[in-house]
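Spelled out, the chains give:
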Amino acid sequence: MLILDKLYLDFETDARSYYDPEFMVRLSGYLKPGSKVKQVENIKDLPLCKELIGWGNYEYFVCKSQNYPINKFTNLKIPYILYDENQRWSLGQALEHIGKLNHKFLRTQWEHLGYNWDNVPMQYLKPYNKLDTMCMEWLDEWIQGKYSLKQNALLQETNQYICELSWKGLKIDLEENKKQYKQYKSLIEEKLEGLKAVADINWNSPEQVGKVFHKAKVKLSKTKTGKWAVNKIALNELRGHKLVDQYRDYNRHCTLLRTFVVGMHDKLQLDGKLHPNFSFTKTGRFRCSGPNLQNLPKPNKGPMRKQIIPEDNDSVLYAVDWEQLEICLIAICFNMPKLIEEIKNGEDRHQKSANKFSIPRDDAKQCNFGTFYGATKYALKKHNLDPDTTGQQFINYLHSEYPDLRSIHARNSEAAEKGQVTNIFDRTRRSTKFTELNNFLIQSVAGDLNKMMLIKTNEVGKNYKSRPYLDIHDELIFTVRLDEEKKYLTNVIQESYNRVNDEVERWFGFRLPLDLKYKIKKGLNYGELK
C-alpha cells in the first residue's frame, strides 16, 4: 500500500522533467491527498476483476514495468477506475476541476446500457485501458493549448459514444469468415508455388527474398543495417517488375488473410462479437484497434467487409458517407471563394483537371489534392505525370485557376515555421512540417464532423433499438431493425445529416458556407451495400 500526498511523488526524476513544473503541480491535483494507490510490478499481477469490484478499496492502480514504462506520463496505464458512491476521484473529475465537462465513466454508462455493474465481464473492461490513456493525453494536450474548451467538450461527448460502440460490439458472419479462410489459403498456396518456381526459398524471409531480387537485378535500396530493403514502401517504387509484382501480390494476400480473416476470428470475445477499441489519430479522425477495421480493404480489393453483418437477423446495415467531402473542406478551410462557387454550381474539379491533362479522373483527383496540400512536382510522378513536364504544368495550371493558393501556402508555411496551426474548429496541431499542417487543417475538420454526427444520431435515436454500429473513415455505419427501418432512416439518420450545419453552429458558433451532401447505402453485410 502506498499513500500519496501528491501523485507525482510516485514518479522518477525523468518523468518530472519531461513536463514543465506547472504541469506537474496541476497533475498533483488529480488524486485527493491521501488517496489509496496500489503499486504493482506487472499488469498481470492485478487482482481479479471480481475482487476489484467487490472491494472498491483502490481508486487507482499504478503499474510499473518494462512493458508499461512511466518515463512519459501518457504511457502510464490505469487499468480500472473504480467508483465509490460518495467519491468519484476519476480523470473526469480532474477534467472538471480545470473547467471541462464532467466525463461519464464506468458505472453510469453500464447502468445506462441496462447492465448489472456487479456482473461486468472481465473482457468488457478492456476498452477503459485505452479510454483512460486517451483522457490523459487530452488533458496534457489541453494544458499545452491544443484544444479549446469547445473542442474538448466535443471530444468528451464523443468519447462516451465510441466506448459504447466498443462495449456493444459488432457481429461477424462466421460462415463467411470460414469461406474466406479457405479461399485465401488456396490463393496463397497457388501464388507461393509460382514464387518457388523462381527460387526455392522461404518467401516469408525478407533476407532471402532480398538476395533473390538482387540476383534478378532488381534495383533495391539498403536498410540502415546494410540488408536489402524489401518492405512495402521500397517495393512500391519498383512496381512493374514482374518478379516484384508477383511477390507483392503474394504478400498482400498473406496480409489480408492474417489481419482480416484469421485476425478477426481471433479477436472474437466470449459473446461471439468483436469489441474493437476506438480512439483518435493526431488529426482527430477515428482510429481503431483490435482489429484495425479502418484498414479493411474496399470491396474491389477483397471480400473482407462481407464478414461484418447486422446485430441480429431482424436488422440491416445502413452506411452514410459524405460526398466530395475533402474538396469541400479544402474550399472551406483554405477560404477559396472561387472553388466554393464551383462546388455550389455542381462543377467537377477533378474531371476538369482530368480533361485538361488527358489522365484518368482518379489520378487527376490525387494530383488536385496533392497540389492543394502543397506537394512538389515529384509527388505527382506516381499519378502518371512527369515531374519536369506535365507535373510542373499541372501545378502551374491549378495555381492559375486559383491565384490565392500561393498566398494560402505561404501563410501555412509561416505557421509551420512558428510550429503550430489552428483549424476552423479551434483545434491546434504542433508541427514544423508544412504538408503535415496543411493536411491537418482538412482532416481534423472531417474527423470533427463525424464526431458531431455520431453524437447527434445517438441523441436523436436514444429511444430506438437501432444504433450506430461502426465508423470507417468518413463513413458511419448503423445496424437498423426492420421494424424501425423507415422511422430510423427518416427521423434519425436523415434528420441528423440534413442538420450538419446546425450542429456546427451548436458546437462552434458559426455555419459552413457550403451545405455538405451525403449518400446512404443499405445491405445485409458491410461488403454489399447499395
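In the block above lies the structure referred to throughout.
Structure report, in brief.

Rules and cut-offs
- For every chain, the first residue of its written sequence is number 1, and the numbers climb from 1 along that sequence.
- Residues qualify for local features only when their pLDDT is at least 70, as the model is predicted, and side-chain atom pairs are given and counted only at 80 or more; totals for whole chains, interfaces and linings, by contrast, use all residues.
- Derived side-chain values reflect all non-hydrogen atoms in the structure, with water molecules and hydrogen atoms excluded from consideration.
- Buried means the residue's accessible area, taken with a 1.4 Å probe over protein chains only, is under 20% of the maximum for its type, while exposed means over 50%, and partly exposed covers the values in between.
- Only DSSP runs of H or I reaching four residues or more are called helices, and only runs of E reaching two or more are called strands; each is numbered from the N terminus.
- The pairing criterion is simple: DSSP has to find at least two bridges between the two strands.
- The reported arc concerns the directions from the helix axis to the C-beta atoms and nothing else.
- Helix axes are fitted to C-alpha atoms over the stretch in contact, other axes to C-alpha atoms as well, and angles between N-to-C directions run from 0 to 180 degrees.
- One less than the residue count of a helix, multiplied by 1.5 Å, gives the span that helix is expected to have.
- The term salt bridge refers to a side-chain nitrogen of Lys or Arg lying within 4 Å of a carboxyl oxygen of Asp or Glu.
- When checking whether two residues touch, look at their non-hydrogen atoms; a contact exists if any pair is within 4.5 Å.
- By definition, turning the near helix anticlockwise from the far helix through less than a right angle yields a left-handed crossing, and turning it clockwise yields a right-handed one.
- All residues other than Ala, Val, Leu, Ile, Met, Phe, Trp, Tyr, Cys, Pro, Asp, Glu, Lys and Arg, Gly among them, are scored as polar; the first ten of these are nonpolar and the last four charged.
- Definition used in this section: a nonpolar core is a set of buried Ala, Val, Leu, Ile, Met, Phe, Trp, Tyr and Cys residues joined via side-chain atoms within 4.5 Å.
- Each polar contact in these results corresponds to two N or O atoms within 3.5 Å; when the atoms are within protein, one needs to be able to donate a hydrogen and the other to accept it, and residues that are neighboring in sequence are counted only if both atoms are side-chain atoms.

## Structural notes on the pairing of strand β6 (residues 277-280)
Then comes step 1: Burial along β6 is two-sided: the face carrying N277 and S279 and the face carrying F278 and F280 are both buried.
Then comes step 2: Two elements, β6 and strand β7 (residues 286-289), share four bridges in a ladder whose sense is antiparallel. Directly across from F278, in β7, lies its bridge partner C288.

## Structural notes on the sheet that holds strand β4 (residues 170-172)
Then comes step 1: The three strands lie next to each other as β5-β4-β8, forming an open sheet whose pairing is antiparallel. Each having just a single partner strand, β5 (273-274) and β8 (308-309) make up the two edges of the open sheet.
Then comes step 2: Of the pairings in the sheet, the one linking β4 to β8 comprises two bridges and is antiparallel in character. Among the inter-strand pairings, I172 is bridged to a residue of β8, identified as I308.

## A short note on helix α20 (residues 500-508)
Then comes step 1: Among the residues of α20, those classed as buried are V500, N501, E503, V504, W507 and F508. Relative to the axis of α20, the buried residues are bounded by an arc of 155° and lie together on one face.
Then comes step 2: Positioned one or two residues after α20, G509 has a phi angle of 80°, which is positive.

## With respect to the sheet that holds strand β9 (residues 315-323)
Then comes step 1: Read across the open sheet, the four strands follow the order β12-β13-β9-β14; overall the sheet is antiparallel. The sheet is open, and its two borders are formed by β12 (467-472) and β14 (517-523), each paired with just one other strand. The sheet shows a mean angle of 25° between the axes of neighbouring strands, direction not considered.
Then comes step 2: Relative to β14, β9 runs antiparallel, the two being bridged by seven bridges. Within β14, the position partnered with E323 by the bridge is K517.

## A few points about helix α16 (residues 387-401)
Then comes step 1: Along its 15 residues, α16 runs 20 Å from first to last C-alpha, staying within 8% of the 21 Å computed at 1.5 Å per residue.
Then comes step 2: Of all the positions in α16, only P387, G391, F394, I395, Y397, L398, H399 and E401 are classed as buried.

## A short note on the pattern of salt bridges
Then comes step 1: All chains considered together, the criterion is met by 28 salt bridges.
Then comes step 2: In this structure, the salt-bridge partner of K191 is D249, at a minimum N-O distance of 2.6 Å. A residue pair is termed long-range when its members are at least 10 positions apart, and K191 in helix α8 (residues 174-198) and D249 in helix α11 (residues 242-266) qualify at 58 residues.
Then comes step 3: Taking relative accessible area as the criterion, K191 reaches 22% and is therefore assigned partly exposed.
Then comes step 4: D249 gets classed as partly exposed once you look at its relative accessible area, which sits at 25%.
Then comes step 5: Among the salt bridges present, the one from E311 reaches K273, with a minimum N-O distance of 3.5 Å. On the criterion of sequence distance, the pair formed by E311 in the loop between β8 and β9 and K273 in strand β5 is long-range, its members being 38 residues apart.

## Considering the side chain of N412
Then comes step 1: With respect to the helices, strands and loops of the structure, N412 is situated in helix α17 (residues 404-418).
Then comes step 2: On the basis of relative accessible area, N412 is assigned to the buried category, the value being 5%.
Then comes step 3: Not counting residues up to four positions away in its chain, the partners in contact with N412 are F334, F434, N438 and L441.

## Thoughts on the pairing of strand β13 (residues 475-481)
Every other side chain in a regular strand lies on the same face of the sheet, so the side chains alternate between the two faces.
Then comes step 1: Counting buried positions along β13 gives seven out of seven residues, so the element sits mostly inside the fold.
Then comes step 2: Neither face of β13 is left uncovered, since the one carrying E475, I477, T479 and R481 and the one carrying L476, F478 and V480 both have all their residues buried.
Then comes step 3: Summarising the sheet, β9 and β13 pair through seven bridges and their orientation is antiparallel. If you follow V320 over to β13, its bridge partner there is L476.

## Some details on the packing of helix α12 (residues 325-333) against helix α13 (residues 337-344)
Then comes step 1: Axis separation between α12 and α13 bottoms out at 8 Å; the angle between their running directions is 140°. Read as a crossing pair, α12 and α13 show a hand that is left-handed. For the pair α12 and α13, the contacting residues are I327, C328, I330 and A331 in the first and L339, I340 and I343 in the second.
Then comes step 2: Its residues placed into classes, the contact of α12 with α13 shows seven nonpolar, no polar and no charged.

## A look at the nonpolar core
Soluble globular proteins tend to pack their nonpolar side chains together in the buried interior.
Then comes step 1: Formed by 113 residues in total, the largest nonpolar core has its most connected members in W203, F213 and L449.
Then comes step 2: Take this core: its biggest share by element is 11 residues, from helix α18 (residues 434-460).
Then comes step 3: When residues no more than four places from it in sequence are discounted, the contact partners of W203 are L192, L195, K196, V209, V212, F213, L243, Y247 and Y250.

## Here we look at the side chain of E342
Then comes step 1: Mapped onto the fold, E342 is located in helix α13.
Then comes step 2: For E342, the side chain forms a polar contact with the side chain of Y402, separated by 2.6 Å.
Then comes step 3: Excluding residues within four positions of it along the chain, E342 makes contact with E347, R349, K352 and Y402.

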